Amino acid sequence: MKRRYKMLWGEAGAAIVMLAVLLYITIPRFLAAAQNINTPRYFPDPQFRLAVEKFMRVDPGERFHANDAAQKTGPFHCSNSRIENIRGIEFFTGITTFNCSDNSIQSLDLTKNTALQNLICAGNRLVEVDCMKQTGLRELICYKNPLRKILFPRMKQSFSLKRIICNSCRLEELDLSLHFNLEELDCSSNRLTSLDLSQCSSLRFLSCSNNTLGHLDIANNTALEVVWCASNTITA
């Protein structure tokens, strides 16, 4: 009898421990999801917070939760809004377009925004654009930034970028090794000394003027319809 009692108690104890662990894991997540995030703690830039409230269709200061933000899809436009910091964008994991052009943004952390298909961040103060998590990205417009680096996904099988507009930046290199679907590229007015287009078999429009290119090989780009390459040092 004592042995059976000990076995039952042992099983009950194990169940209690498992329940406690489950509650320890799930309750904080539940509370976090139910917490109001429309505060300066989560959106420290007041101008971006105004844009968020407009996107969420709530009054200034009105409550909304992380789950509400995650359920928002489609385009989020906040261009020309005097924004300096987009902290809080990580809550909007379902948006497919983000247009934050013509602001004063110095950095973009879009690691949580993996559903993005269109990123428009032109006319800011960005020195780097990291798109490595956006494997479904189709359009990148980032011209007129002091850009020195663009990081693209390294997943060959899912990369579908068709349009890159990165003119008037400070790029010294541009890795296009996985851009099989790229149709339009404007990288004019940068600091490029070389441009490898050998993998861009779908390219139809190319503007690479005002760089320091000494060579341009477009032998593999049989779909090209327009090429602008003036003001370089191309010899062959």
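Caption draft 1: Here's a closer look at the confidence of the model for the protein. Here the protein shows a mean pLDDT of 89. Residues at 70 or above account for 84%. Every residue in residues 26-32 is under pLDDT 50, and counting partners more than four places away or in other chains gives 1 contact.

Caption draft 2: Structural context of the nonpolar core. Core analysis: the biggest nonpolar cluster contains 59 residues, and Phe76, Phe92, Phe98, Leu174 and Leu195 have the highest contact counts within it. Broken down by secondary-structure element, the contributors of at least two residues to this core are α2 (46-56), α3 (66-70) and β2 (95-99). Among the elements that line this core, the one with the most residues is α2, at 5 residues. Apart from the residues within four sequence positions on either side, Phe92 is in contact with Phe43, Val52, Phe55, Met56, Ala69, Lys72, Phe76 and Asn113.

Caption draft 3: View of the layout of surface pockets. A volume near 160 Å³ is recorded for the largest pocket. Around the largest pocket, the lining residues are Met132, Arg148, Lys149, Ile150, Leu151, Phe152, Arg154, Glu173, Leu174 and Asp175.

Caption draft 4: Layout of the environment of Lys149. Position of Lys149 relative to the elements: it lies in strand β6 (residues 149-151). Separated by 24 residues in the primary sequence, Lys149 and Glu173 place their C-alpha atoms 7.4 Å from one another. With residues up to four places along the chain from it excluded, the contact list for Lys149 reads Val127, Glu128, Val129 and Leu171.

Caption draft 5: A look at the packing of aromatic side chains. Counted according to the given criterion, the structure contains 11 aromatic pairs. Measuring from centroid to centroid gives 5.7 Å for Tyr42 and Phe91, while their planes differ by 75 degrees, and the two rings are edge-to-face. Of the two residues, Tyr42 sits in the loop between α1 (2-34) and α2 while Phe91 sits in the loop between β1 (74-77) and β2, which places them 49 residues apart along the sequence. For the residue pair Tyr42 and Phe91, the accessibility class agrees, reading buried in each case. An angle of 75 degrees between the planes, with centres 5.5 Å apart, marks the rings of Phe205 and Trp228 as edge-to-face. Residue Phe205 is located in strand β9 (residues 205-207), and its partner Trp228 is located in strand β10 (residues 226-228); the two are separated by 23 residues in the primary sequence. The ring centre of Phe55 lies 4.7 Å from the NZ or CZ of Lys72, which sits over that ring.

Caption draft 6: Representation of the sheet that holds strand β5 (residues 139-141). Overall, parallel pairing links the 8 strands, which are arranged β1-β2-β3-β5-β7-β8-β9-β10 in an open sheet. The sheet is open, and its two borders are formed by β1 and β10, each paired with just one other strand. Strand-to-strand twist of the sheet, defined as the mean angle between neighbouring strand axes without regard to direction, takes the value 10 degrees. Note: strand β7 (residues 163-165) against strand β8 (residues 184-186), 3 bridges, orientation parallel.

Caption draft 7: Examining unusual backbone geometry more closely. Backbone geometry places Arg82, a non-glycine residue, at a positive phi of 60 degrees. As for its position among the elements, Arg82 is in the loop between β1 and β2. We note that Asn210 has phi near 55 degrees; this positive angle belongs to a residue other than glycine. Among the residues examined, Asn210 registers a relative accessible area of 38% and is labelled partly exposed.

Cut-offs and rules
Residues numbered from 1 in each chain as written. Predicted model: local features only at pLDDT ≥ 70, side-chain atom pairs only at ≥ 80, totals over all residues. Heavy atoms only, no water. pLDDT = per-residue confidence, 0-100. Contact = heavy atoms within 4.5 Å. Core = buried A, V, L, I, M, F, W, Y, C linked by side-chain atoms within 4.5 Å. Buried < 20%, exposed > 50% of the residue type's maximum accessible area, 1.4 Å probe, protein only. Helix = DSSP H or I, 4+ residues; strand = E, 2+ residues; numbered from the N terminus. 1 Å grid on protein atoms, 1.4 Å probe; cavity = no way out; pocket = protein on both sides within 12 Å on 5 of 7 lines; lining within 4 Å. Points joined across faces, edges and corners; volume = space filled by probe spheres on them. Phe/Tyr/Trp six-rings, centres within 6.5 Å; stacked < 30°, edge-to-face > 60°. Lys NZ or Arg CZ within 6 Å of the ring centre and 35° of its normal. Pairing = 2+ DSSP bridges. Axes fitted to C-alpha atoms, helices over the stretch in contact; angles between N-to-C directions.

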